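Chain and residue survey
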Amino acid sequence: MGEMPPNDLGSIFGGSAWEWLPEIGQYYLHLFSVKQPDLNWENPKVRQEIYEMINWWISNGVGGFRLDVIDLIGKEPDLKITSNGPNLHKYIRELSKETFQKAGDLLTVGETWGATPEIAKLYSNPDGSEFSMVFQFEHIRLTRLELRETCSLWYKWII
């Protein structure tokens, strides 16, 4: 194996989030499975390829998109920032502008583990600059009392 990984960032599924590729002599990042390398959203060519793929689906009649763990695209792994990174909303607004906004009437949903009611407002701005809506899984880890308190918080934000 090569030199040490860039840092001690861990994978959601356990172990290091870095995997050594001897054929190219470097590590790649996988916040989930080793079989799911993370895309480098800092690279404009990567973002352009994603937009082309989404636009292809739109041109073929797809009526909406669900984007899993979208709150991780602004990550800065060198700084160990994985969720809600500083470029997150910049990337989402660019994605929306290059794809969803051109199409018109699409339903777009972002899965965001780290969304609070305040953060959810950014993702689902009525001006259409990001997504139609978001959802998250906070309820999975909560006790019954915590769930009641969390639902109350979200309910207050809705009304």
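Data block above holds the structure.
Below, the structure is looked at part by part. Computed from a prediction, not measured in an experiment: that's the story for all the values here.

As a further point, take the nonpolar core. F100, Y123 and F131 are the most contacted members of the largest nonpolar core, which has 20 residues in total. Within the residue set of this core, elements represented by two or more residues are helix 1 (44–59), strand 3 (64–67), helix 2 (88–98) and helix 4 (117–123). Beyond its immediate sequence surroundings of up to four residues, F100 is in contact with I54, F65, L67, L95, L106, T108, E130 and F131. If you look at the next biggest cluster of nonpolar residues, it comprises 9 residues, including Y27, L29, L31 and L72.

This part takes up the environment of G110. Note that G110 resides in strand 4 (residues 107–111). For the pair formed by G110 and F65, sequence separation is 45 residues and the distance between their alpha carbons is 8.3 Å. Dropping the residues within four chain positions of it, G110 is found in contact with L67, I70, F131, M133, V134 and F135.

Attention now moves to the sheet that holds strand 5 (residues 133–135). Strand pairs in the sheet, formed through backbone hydrogen bonds, run parallel or antiparallel to each other. Pairing is parallel in the open sheet, where 3 strands are placed in the order 3-4-5. Sheet topology places strand 3 and strand 5 at the edges, where each strand pairs with a single neighbour. Direction aside, the axes of adjacent strands within the sheet are offset by 20° on average. In the sheet, strand 3 pairs with strand 4 via 4 bridges, with the strands oriented parallel. Paired with G64 across the strands is L107, a residue of strand 4.

A word on helix 2. Along helix 2, the positions that sit buried rather than exposed are L88, H89, Y91, I92, L95 and S96. All buried residues of helix 2 lie within an arc of 160° about the axis, which places them on one face of the element. Elements in contact with the buried residues of helix 2: helix 1, strand 3, helix 3 (100–103) and helix 4.

Under the criterion given, the structure shown has 6 aromatic pairs. Between F13 and F32, the aromatic rings sit 5.7 Å apart at their centres with planes inclined by 70°, giving edge-to-face as the arrangement. With F13 in the segment before strand 1 (18–21) and F32 in the loop between strand 2 (26–29) and helix 1, this residue pair connects regions lying 19 residues apart in the sequence. Owing to a relative accessible area of 58%, F13 belongs among the exposed residues under this scheme. By way of ring pairs, the aromatic residues F65, F100 and F131 are connected into one cluster.

Scoring rules and cut-offs
Residues numbered from 1 in each chain as written. Predicted model: local features only at pLDDT ≥ 70, side-chain atom pairs only at ≥ 80, totals over all residues. Heavy atoms only, no water. Core = buried A, V, L, I, M, F, W, Y, C linked by side-chain atoms within 4.5 Å. Buried < 20%, exposed > 50% of the residue type's maximum accessible area, 1.4 Å probe, protein only. Helix = DSSP H or I, 4+ residues; strand = E, 2+ residues; numbered from the N terminus. Contact = heavy atoms within 4.5 Å. Pairing = 2+ DSSP bridges. Axes fitted to C-alpha atoms, helices over the stretch in contact; angles between N-to-C directions. Arc of directions from axis to C-beta. Phe/Tyr/Trp six-rings, centres within 6.5 Å; stacked < 30°, edge-to-face > 60°.

As far as function goes, none of this settles anything; it's purely spatial.
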